[in-house]
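# Coordinates in review
Here is what each chain is made of, one letter per residue.
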Amino acid sequence: MRIDIITVVPELLDSPFAHSIMKRARAKGLLEVVVHNLRDHTPYRQAQVDDYQFGGGAGMVMMPEPLAILLDKLKEERQYDEVIFMTPDGKLFDQKTANSLSMRGNIMIICGHYKGIDERIRQLYVTMEISIGDYVLSGGELAAAVVVDAVGRLIPGVLNDETSALFDSFQDGLLAPPVYTRPADFRGMKVPEVLLSGNPKLVDEWRHEQSVLRTKERRPGLMGEE
Ligand code: 6GU
């Protein structure tokens, strides 16, 4: 899978995909992340990519021409299954969206900055608009990193048994159960007996019970009770 990201702050995306599972996904050739600096593609002087908004008001808007030039160039080179614009007024990102994106071949992600991008780019190019939550970030980069991480780890072959996504929170509509490691007695706090029982069936039952309890308590909406 290839993910192209368009940004005016490429430095923000240096580290998120250079470690841990994302690093392995790229090393294995399962995930390719290509970051494009929009300023390298603007036809305007002094690498200008934003301008005042028509109608007045505080905040700059990303101009359509640099984005269109770069998008046209990339779309000539390959077909994109989805052109995503990261924006707080987009659709809330969830595990279901991550699952479906992980089955795509080529994805483009546009990161907005300032007051956003010219509306005509959204009309002409964008096929999907994503928000990662009801709060405002300074730009779409950190949100894009969240999406790439959530999607990248679901690409078949990226995770192994050790890191399997099968038991993640949300993957079965439930939150994950509590987990424990050594020591079995930590400052007087003991690991639940059943986990030391060596009985996989009992362990599975306990974990499922805990998942249900936790979900009811913390996120009743996930169980269709909201
Ligand atoms: Cl995708 N972008 C920005 N700027 N803020 C956000 C967001 C995205 N999702 C939540 N807040």
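Everything in this summary refers to the structure shown in the same document. (Residues numbered from 1 in each chain as written. Predicted model: local features only at pLDDT ≥ 70, side-chain atom pairs only at ≥ 80, totals over all residues. Heavy atoms only, no water.)

This part takes up the side chain of T7. Here T7 shows up in strand β1 (residues 2-7). In this view, T7 contacts L13, V35, H36, N37, L38, C111 and E141; residues no more than four positions away in its chain are not counted. (Helix = DSSP H or I, 4+ residues; strand = E, 2+ residues; numbered from the N terminus. Contact = heavy atoms within 4.5 Å.)

Its location among the elements puts P66 in helix α2 (residues 64-77). In the structure, P66 is positioned 138 residues away from D204 in sequence and 54 Å away in space, judged by C-alpha atoms. Beyond its immediate chain neighbours, meaning those up to four positions away, P66 contacts L38, H41, T42, P43, Y44, Q48 and V49.

Turning our attention to the sheet that holds β1. Strands sit in the order β2-β1-β6-β5-β7 across an open sheet of 5 strands; the sheet is parallel. Among the strands making up the open sheet, the edge pair consists of β2 (32-37) and β7 (128-131). Direction aside, neighbouring strands of the sheet carry axes that sit 30° apart on average. Across 5 bridges, strand β5 (residues 82-92) lies against β7 in parallel orientation. Across the sheet, residue K91 finds its bridge partner in β7, namely I130. On the sheet, α2 packs against β1, β2, β5 and β6 (106-111) and is oriented at approximately 165° with respect to β1. (Pairing = 2+ DSSP bridges. Axes fitted to C-alpha atoms, helices over the stretch in contact; angles between N-to-C directions.)

Every residue near the ligand is listed here: M86, T87, P88, I130, S131, I132, G133, Y135, L137, G139 and A143. One nitrogen or oxygen atom from the side chain of S131 is found 3.4 Å from a nitrogen atom belonging to the ligand. Note that a nitrogen atom of the ligand is positioned 3.0 Å from one of the backbone N or O atoms of L137. Alone, the ligand offers 290 Å² of accessible surface; in the complex the protein occludes 96% of this. Taken together, the elements giving at least two residues each to the shell around the ligand come down to β5 and β7. Ranked by residues supplied to the shell around the ligand, first place goes to β5 with 3 residues. Looking at the shell around the ligand, its residues break down into 7 nonpolar, 4 polar and no charged. (Near = heavy atom within 4 Å. Polar contact = N/O pair within 3.5 Å; in protein donor to acceptor, adjacent residues only side chain to side chain. Areas by Shrake-Rupley, 256 points an atom, 1.4 Å probe, with all protein chains shown as cover. Nonpolar A, V, L, I, M, F, W, Y, C, P; charged D, E, K, R; others polar.)

At the junction of R182 and P183, the peptide bond is cis and its omega measures out at 5° in the coordinates. One can find P183 in the loop between α5 (141-152) and β8 (185-186). Its identity is not glycine, yet S20 carries a phi of approximately 55°, on the positive side. Mapped onto the elements of the fold, S20 is located in helix α1 (residues 20-27).

In terms of burial, β6 is largely enclosed, as 6 of its 6 residues are buried. Neither face of β6 is exposed, since N106, M108 and I110 on one face and I107, I109 and C111 on the opposite face are all buried. Pairing analysis gives 5 bridges linking β5 to β6, with the strands arranged parallel. Within β6, the position partnered with I84 by the bridge is I109. In this view, the connection linking β5 to its parallel neighbour β6 by way of helix α3 (residues 95-101) has right-handed handedness. (Buried < 20%, exposed > 50% of the residue type's maximum accessible area, 1.4 Å probe, protein only. Right-handed = clockwise from strand over helix to strand, strands pointing away.)

This part is about the pattern of salt bridges. Note on pairing: side chains with opposite charge can pair once their charged atoms come close. Applying the stated criterion across every chain, the model contains 11 salt bridges. For R78, the salt bridge identified is with E77, shortest N-O distance 3.6 Å. Among the ionic pairs, R122 bridges to E129, the shortest N-O distance being 2.7 Å. Salt bridges linked by common partners bring D89, E119, R122 and E129 together as one network. (Salt bridge = Lys/Arg side-chain N within 4 Å of Asp/Glu carboxyl O.)

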